[in-house]
Structure formats: structure tokens, C-alpha cells
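# Descriptive structure summary
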Number of protein chains: 2
Amino acid sequence: MTKPLRLGIAGLGTVGIGTVKIIQRHAQMLARRAGREIRISAISARNRKRDRGVDLSAYAWEDDPVALARRDDVDVYVELMGGENGPAKASIEAAIAAGKDVVTANKALLAIHGHNLALAAEAAGRVIRFEAAVAGGIPVVKALSEGLAGNEIRRVMGVMNGTCNYILTRMEESGLTYDAVFEEARQLGYLEADPNLDVGGIDAGHKLSLLAAIAFGTRVCFDAVQIEGIGRISIDDIRRARDMGYRIKLLGVAQMTGRGLEQRMTPCLVPADSPLGQLQGGTNMVVIEGDSVGQIVLRGAGAGEGPTASAVLADIMEIARGCRVSTFGQPAASLSEAVPAATSAPARWYLRMQLADKPGALAKVATVLGDEGISIDRMRQYGHSDATAPVLIVTHKTTREAIDHALSRLPETRVVEGDPVAIRIETV
Amino acid sequence: MTKPLRLGIAGLGTVGIGTVKIIQRHAQMLARRAGREIRISAISARNRKRDRGVDLSAYAWEDDPVALARRDDVDVYVELMGGENGPAKASIEAAIAAGKDVVTANKALLAIHGHNLALAAEAAGRVIRFEAAVAGGIPVVKALSEGLAGNEIRRVMGVMNGTCNYILTRMEESGLTYDAVFEEARQLGYLEADPNLDVGGIDAGHKLSLLAAIAFGTRVCFDAVQIEGIGRISIDDIRRARDMGYRIKLLGVAQMTGRGLEQRMTPCLVPADSPLGQLQGGTNMVVIEGDSVGQIVLRGAGAGEGPTASAVLADIMEIARGCRVSTFGQPAASLSEAVPAATSAPARWYLRMQLADKPGALAKVATVLGDEGISIDRMRQYGHSDATAPVLIVTHKTTREAIDHALSRLPETRVVEGDPVAIRIETV
């Protein structure tokens with residue numbers, strides 16, 4: 001029998017305790033599948049005394065995760081503390097220096113420091129695995145870096161923040177405003193301590209940058225992700241979009257184009273009858289398009305104790321079975337520098353604005369759009385009781401630059417009240 | 001640099017040629033990802049002279065796949081000929097005996113001989129991988145045996161024969177009969193040479209038995225799969241099901257119950273708004289439920305050159321990277337004997353019958369059902385112009401045995417014309 005694989009687990013929050021529970025509950029099953037025992041040697045967390053509802057007495061305790069990462073009786077250092085710097089980074093660096101493999105759920109850390117950590121790990125002959133960092137229980141890192149390893153990846157898309165999707169779905173179903181549903185989500189405990197990580201799109205942007213690195217063989221480049229949160233989405237937009245057969249999602253898109261690597265995490269309209277459009281509530285979905293495989297869709301819980309711990313176990317089992325996959329699917333030294341695309345791929349756009357109820361108002365808007373080379377696919381003016389009329393326009397394919405320029409010129413017409421809304425329509 | 005991984009590929013049909021094309025087109029990308037060159041040493045097929053549209057001149061040719069499997073310059077034997085016995089089996093056995101790893105897309109062979117082949121491979125320290133045998137390009141074998149390796153699997157479900165799903169979808173959309181759409185599919189080349197492999201559910205049953213072995217740690221047991229094809233599905237059933245919010249799918253279900261292992265590949269009703277219900281056309285979908293991860297849904301092309309070759313490459317890359325996963329996710333010797341469940345889990349049932357237009361006819365049917373302990377959730381009688389009325393019944397949860405017994409007693413009522421139709425409603 002091969003020697004046990006010995007773990008040091010730092011961070012005993014939801015995911016850490018979930019991981020301990022699986023290892024305790026399924027010791028025999030895991031040993032059978034891995035061909036060796038999965039054993040926890042030592043643990044670490046901020047508060048030793050807290051009752052976590054699990055018997056931890058069999059494991060050595062370290063107050064300092066760095067000390068945990070260096071222990072002789074640890075083969076794999078499992079970092080589940082979070083935070084893009086501080087103890088998480090220091091302890092992973094210590095683990096690599098001490099010759100340990102690393103499993104982490106820390107998307108923020110990897111989005112910022114992933115390339116350097118991967119270089120260090122590979123120089124030391126160690127691996128860093130991070131299935132739990134992206135889309136919770138969905139085995140998407142494995143699907144992309146292993147299951148689809150024979151494909152040149154064309155595009156990766158995804159709804160990767162369950163809280164945002166919950167908020168948008170709940171707005172549609174309840175008719176409540178963004179602010180009201182945001183407050184609901186906060187009270188339900190669905191939001192991070194800094195809610196901007198969720199609703200601002202940052203957390204999902206971290207995840208997208210990691211998938212993009214694997215997909216396109218480029219160094220992870222979070223700074224180049226164009227990020228826009230869901231805070232400006234109004235119930236009106238959700239309703240109008242639905243009327244035209246669309247739903248609004250906080251959608252991540254990464255694609256390699258002739259203009260460079262495009263990474264966006266922004267609200268988009270998607271067809272309501274597409275898999276992404278049908279995704280309601282807190283569930284996550286990742287869509288991967290490869291040159292041979294076509295389109296693969298993966299769907300599942302993106303957060304929570306069980307799903308995230310399931311992903312941590314996937315990485316632990318991979319290491320236990322002797323699989324040594326590079327952090328980003330190929331040696332970090334062979335990853336190319338990502339050249340961010342200066343412009344995004346042309347798309348159809350949804351425009352909503354309030355027009356003064358004057359003769360010729362629509363014509364003036366149409367003229368501005370036409371001047372920018374934007375042609376109109378559909379236009380709807382809604383009934384109204386006050387002095388302005390809600391108008392919806394769906395354009396044919398055009399660039400973001402043309403849209404921005406047209407929007408900047410609309411005030412000249414003196415018929416548009418307030419700020420128009422423009423949302424990209426993604427082809428999915 | 002590690003030594004090249006040298007392949008011998010037997011079978012140059014759609015999948016074999018697709019595999020060669022990927023290796024030729026993406027040589028550098030594959031080498032970067034695998035950390036070593038993926039090299040084809042030799043090939044074999046029935047007809048050497050046929051023009052396959054690909055330059056094969058760099059590879060040694062063997063007429064005999066067994067000779068190919070034994071070549072000294074082959075590390076991995078890639079069997080893409082098909083057939084559950086004959087040269088496929090002989091050559092895989094020869095490869096294992098000669099110390100080669102094996103990659104195959106051969107679901108029929110593995111469903112029958114998989115256990116013995118896995119035992120032989122593991123005794124020789126070799127692996128057999130078969131991602132391409134199940135659901136084409138969807139990396140479901142990897143998801144189940146690796147990505148969800150920390151889960152006790154509760155249930156595996158799936159639409160795993162694209163031809164059947166195409167036929168059922170096309171019937172719904174066109175209103176054509178089964179026979180008419182079957183003929184269309186035949187002319188489009190969607191059917192196997194023996195169409196019963198497709199529409200009879202056998203091909204999909206092979207796939208289900210392989211997933212069940214991985215999911216539940218049991219020896220593959222195809223004989224115990226309850227199989228029923230789609231030949232008896234009428235356009236009436238499709239329409240009536242739709243009226244009640246369901247779609248009919250040839251659905252595979254494997255679950256471990258207190259009564260033993262249940263494996264079914266049968267037409268089922270599923271809610272039209274569920275991921276399985278929304279799956280239209282030739283696409284495949286597999287749903288996996290684990291104790292920690294909850295429900296994971298995987299969707300993609302289940303057949304075709306590119307998708308299937310993508311799956312073959314996934315296995316080749318896994319071996320190239322040094323991953324050694326047992327055929328069924330744990331050593332074959334540790335797989336338990338599957339005890340087939342004598343009865344299937346209770347479910348709601350859809351019943352359709354023609355009732356004589358006589359007073360008390362419905363009451364008589366309801367009485368028979370009641371006698372068998374079957375309670376009725378919904379009943380609809382449709383308008384009609386002839387002497388019999390179509391009647392639909394949706395039952396509450398009951399056993400298949402109760403349904404069968406009730407059906408056998410319906411003729412006693414003398415009000416039921418012809419054979420009633422009974423289709424299980426699966427909770428998805």
C-alpha cells in the first residue's frame with residue numbers, strides 16, 4: 001500500500017470544515033479511490049477555541065499557518081483562509097519552499113499572484129491546484145485543463161457569482177428594485193463582507209482571469225478584465241429585456257481575438273431560452289467552446305460548504321493519485337504575456353432611454369446612431385403618461401466605441417432625458 | 001524534456017481520423033500542455049488504400065491491430081475500431097499483455113468485458129481510459145471519477161444517445177410519426193448500421209452501465225440495465241406530455257438504493273423546464289448528484305468527429321501527464337458485485353388509454369387503480385369524435401409493480417380499448 005497523503009489544512013471556516021467533514025465521513029471510500037489513505041496531520045485557524053461542530057482532536061494544531069505549511073508531516077498544504085495577501089500568500093510561499101504541493105480555494109490571491117506562485121511551485125517541482133477557486137463544485141478547472149486539453153479554446157463564458165444571479169433573478173420574479181433585493185440578500189447572508197466583491201463583479205472577475213489563463217495559455221492578467229457590476233441594472237431593464245426574449249446576467253466572457261485577449265465581466269443580455277438565460281437563482285454555469293469539442297456547458301452550485309469542499313477534495317485526490325498538472329495547464333514559464341484587446345468584439349446592443357414627447361424625437365436619436373454607423377434592428381416605444389416616453393432600441397452588430405460615441409452625442413439632440421442605458425447582447 | 005508518448009491507433013473511421021487530425025494540427029500546443037511530445041508511431045485499419053483526406057505517410061502501417069498493439073514503439077494503444085468482441089478485444093488484451101496503456105471509445109466492449117480487462121490491466125500496472133465511450137465530447141468520465149471523487153454519488157442520469165433525442169425532438173416539432181422521423185434520421189445517416197443499438201436503447205444502456213460502475217464502485221453490470229427503446233412513443237404521447245408541462249426523453253438513471261443498484265434506460269417524462277427537459281436535438285446531457293456537491297449538469301455534443309476525438313485526446317493527455325486513474329475510478333479488484341434492485345424506486349406515472357364512451361367508464365378505471373393502491377394526481381379526458389375518448393392520468397408516487405398489475409387488470413373493465421401506455425415520470 002502506498003504511503004498516506006498527509007494534509008495540513010489552514011482555515012476552518014465553511015470550506016475548511018466542509019473539507020474535514022468529507023475526509024472524516026468518507027475515509028474508506030477516498031482511500032479506495034486514491035489507492036492510499038487521505039490523512040489530516042495538522043490544522044490551523046484564527047480561533048482555536050471556537051466550537052466548529054466537528055471533532056478536531058486528532059489533528060495537531062498550529063496557530064501560525066506558515067508553521068503549518070512547513071511541518072514535516074504535511075505533504076499537501078491546503079489553504080482555505082482567503083485574502084489576496086497576508087498569511088495566505090506567506091504560507092503558500094512557505095509551503096512551496098518546503099517542498100509541499102498546494103491546494104487552495106483563493107481566487108483573489110491567484111488572480112494577483114498566481115503567475116509568480118506557479119513559477120515558484122514549478123521550479124520546486126510542486127503543483128498548485130485550485131478547483132475550488134472557480135465556480136464552487138463545478139469541476140471546471142479540471143474540465144478545461146484536462147478534459148478539454150486537446151482543444152484550442154475559442155471562448156469561455158460564465159455566470160460565476162451566484163449572489164449576483166440570485167439578485168437579478170429575484171428582481172425579475174418579485175418586481176422589487178435592486179436596492180430592495182440587495183438588502184434582502186445582505187440579510188440572508190449571501191453577500192461578502194465587502195459586497196462590492198460580489199455585486200461589483202470583482203470576485204467573478206478573479207475567477208474569469210484564472211480560466212482565461214488556462215484556456216489561452218497566457219499569464220493570468222486580472223488587471224485587464226473589464227469589470228462592471230450589476231448596481232446600475234434597473235427593474236425596467238429586466239422587464240424590457242424579458243419582453244424581447246432576453247435575460248440580464250452578470251456574464252464573464254474571455255476570448256482570444258485577432259486584437260488580443262478580451263476579458264469582460266459585465267452585465268449582458270442573453271437569449272432567455274439559452275442555457276445561460278435559463279439559469280435562475282444562485283447556480284453557476286460555465287460554457288467552454290473548443291475547436292474540436294464545440295460547446296460544453298457545465299452547471300452546478302457555485303458556493304456553499306459541500307460544493308466547495310467537493311472541489312477541494314478533487315484536487316487532493318488528483319495529487320494523491322500522482323497526477324501532476326501544471327497550475328495553469330502548462331508550465332508557467334511557457335505561458336505567454338497576454339496582450340489585452342484594445343477593443344471588444346462587435347455585438348448587438350440594447351439601448352434604453354427616455355425621450356421627450358415631441359415630434360421628431362425618435363428621428364433625432366436615429367440620426368445620431370446612423371451617423372455613428374449603428375443600424376437599428378428593433379425599436380419599441382412604450383405607452384406613457386408623463387412627458388417622456390420610454391424607448392428601447394436593439395442595434396445590429398456594432399462596436400462598443402460606436403455605442404459610447406453615440407451615447408456621448410445624444411445630449412445634443414435635446415430630446416433624451418437622463419442617462420441612456422446601454423447593455424451588450426452576447427451571442428451564446 | 002521527457003520522452004515522447006508514442007501512440008498506436010487502430011481504426012481510422014470518423015473518430016480515428018479526428019484524433020489524427022488533432023494531433024497533427026495541435027502538436028505544439030499538446031506538447032506544451034502535456035510536457036512531452038504526443039507522437040503517432042503506427043496505425044491500422046481495415047483498408048489501407050482508402051483516401052481519408054489526411055496525410056498518414058509518416059506512420060508505420062499494420063494490417064493486424066494485434067501486431068500494432070504489441071509494437072515496441074507504442075506506449076499507448078488507442079482502440080477506435082469498435083465491436084464488442086473480435087479484433088477490438090483481442091488487440092486490447094494483446095496491448096495489456098505487452099505492457100501498454102489503453103485508450104478506447106468502445107462502450108460495447110467495456111460494458112461486456114470491462115471488468116476483466118480492467119483486472120488484467122491493473123495486474124500489469126497499466127491503465128484503460130474511455131472518456132470517448134460515454135457522451136462524446138462531454139468530459140463526464142473525468143468529472144465523475146476525478147472531479148467528483150470526494151463525493152458519494154447518489155444518482156447519475158443522462159440523455160446519452162443523441163439520435164434518440166433528435167427523433168423525439170423532431171417528432172414534437174414536426175408532428176410527424178415515429179416511423180416518419182426514424183426514416184428521416186436513417187436517410188441523414190444518424191443511425192447505427194443496426195438501428196436497434198440507438199432506438200432500442202442498447203448503446204445508451206452500455207454507457208449508463210459504465211458510469212454506474214464508477215459512480216457506485218460496482219463491477220460493470222450491463223445485463224442488469226433495464227432497457228426500453230423509444231419505438232413505442234407516439235406523437236400523441238409527446239403532445240399530451242407537453243400539455244402537462246413534460247417532455248419525453250430516453251433517460252438513463254442509475255442509483256444505489258436500499259434494494260440494490262437500479263439501472264434503467266427507458267423513456268421517461270421530465271419537466272419541460274428542467275435542464276433535461278430543455279435539451280433539444282442531438283445534444284447529450286449527464287446529471288450527477290453527489291452527497292457534497294449536490295447536482296452537477298454537463299451538456300455537450302455526444303457524437304461526431306471533433307467531440308469524440310476531443311475525448312480521446314483527454315485520455316491521451318492524462319496518460320502523457322503521468323496520471324494513473326484506475327479504469328473505474330478504483331482498483332478493479334476492489335469493486336463490489338452489483339446487486340441489482342429487484343424493484344425500481346417509486347415514481348409518478350403517466351398513463352394514457354382509450355376509454356369506451358360509456359357511463360361509468362372512468363369510474364371503473366379509477367377503481368382498478370385504487371384497488372392497486374395507486375392514487376390519481378391529475379386526470380384529463382380529451383374531446384373526441386369517435387366512440388372512444390382519450391384519457392390521461394398522472395398518478396401519485398407508486399411502484400412499477402403496482403402499475404403493471406393495474407394495467408393487467410384493466411381489460412376486465414371492458415371499457416379500455418387497445419393497449420394503455422404507461423411512462424415513468426422521473427424527478428430531476
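Residues numbered from 1 in each chain as written. Chains lettered and ligands numbered in written order. Predicted model: local features only at pLDDT ≥ 70, side-chain atom pairs only at ≥ 80, totals over all residues. Heavy atoms only, no water.

Under an unreviewed UniProt entry, the name given to chain A is Homoserine dehydrogenase, and the source organism is Albidovulum inexpectatum. In its Sequence similarities (unreviewed entry) section, UniProt records this for chain A: "Belongs to the homoserine dehydrogenase family." (UniProt positions renumbered as here; feature names shortened; annotations may be inferred.)

What follows concerns the sheet that holds strand E1 (residues 5-10) of chain B. All names here are of chain B. Spatially, the six strands line up as an open sheet ordered E3-E2-E1-E4-E5-E6, and their pairing is parallel. In the strand order of this sheet, the two ends are held by strand E3 (60-61) and strand E6 (128-129), each with one partner. Relative to strand E2 (residues 38-44), E1 is paired through six bridges, and the arrangement is parallel. In the sheet register, Ile 9 faces E2, and the bridge partner there is Ile 43. (Pairing = 2+ DSSP bridges. Helix = DSSP H or I, 4+ residues; strand = E, 2+ residues; numbered from the N terminus.)

Right, let's talk about the relation of the copies chain B and chain A for a bit. Mapping chain B onto chain A calls for a screw motion: a turn of 180° about the axis and a shift of 0.0 Å along it, with 0.0 Å RMSD after fitting. Such a turn and shift between the copies fits a two-fold axis. A shared binding surface is used by both copies, with 100% of the interface residues of chain B retained as interface residues in chain A. (Least-squares fit on C-alpha atoms with pLDDT ≥ 70 in both. Contact = heavy atoms within 4.5 Å.)

Mapped onto the present numbering, the UniProt feature "binding site: NADPH" (unreviewed entry) falls at Lys 107 of chain A. Along the chain, Lys 107 of chain A turns up in helix H5 (residues 107-123).

Turning our eyes to something else, we now look at the interface of chain B and chain A. When the parts come together, some accessible area is lost, and that loss is often what is quoted as the size of the interface. Contacts between the two partners involve 48 residues from chain B, matched on the other side by 48 residues from chain A. Taken together, the two surfaces of chain B and chain A that pack against each other cover about 3,900 Å², and 51% of this comes from carbon and sulfur. The largest contributions to the chain B side of the interface with chain A come from Arg 33, Arg 299 and Arg 321 of chain B, which together make up 16% of the buried area. Applying the counting rule to chain B against chain A returns four salt bridges. A salt bridge links Glu 146 of chain B to Lys 142 of chain A, with the shortest nitrogen-to-oxygen separation between them at 3.4 Å. (Buried area = accessible area lost by both parts, 1.4 Å probe. Salt bridge = Lys/Arg side-chain N within 4 Å of Asp/Glu carboxyl O.)

All names here are of chain A. With numbering matched to this structure, UniProt assigns "binding site: L-homoserine" (unreviewed entry) to Glu 192. Within the element layout of this structure, Glu 192 appears in the loop between helix H8 (178-187) and helix H9 (196-199). Discounting chain neighbours no more than four positions away, the residues touching Glu 192 are Leu 197, Asp 198 and Asp 203.

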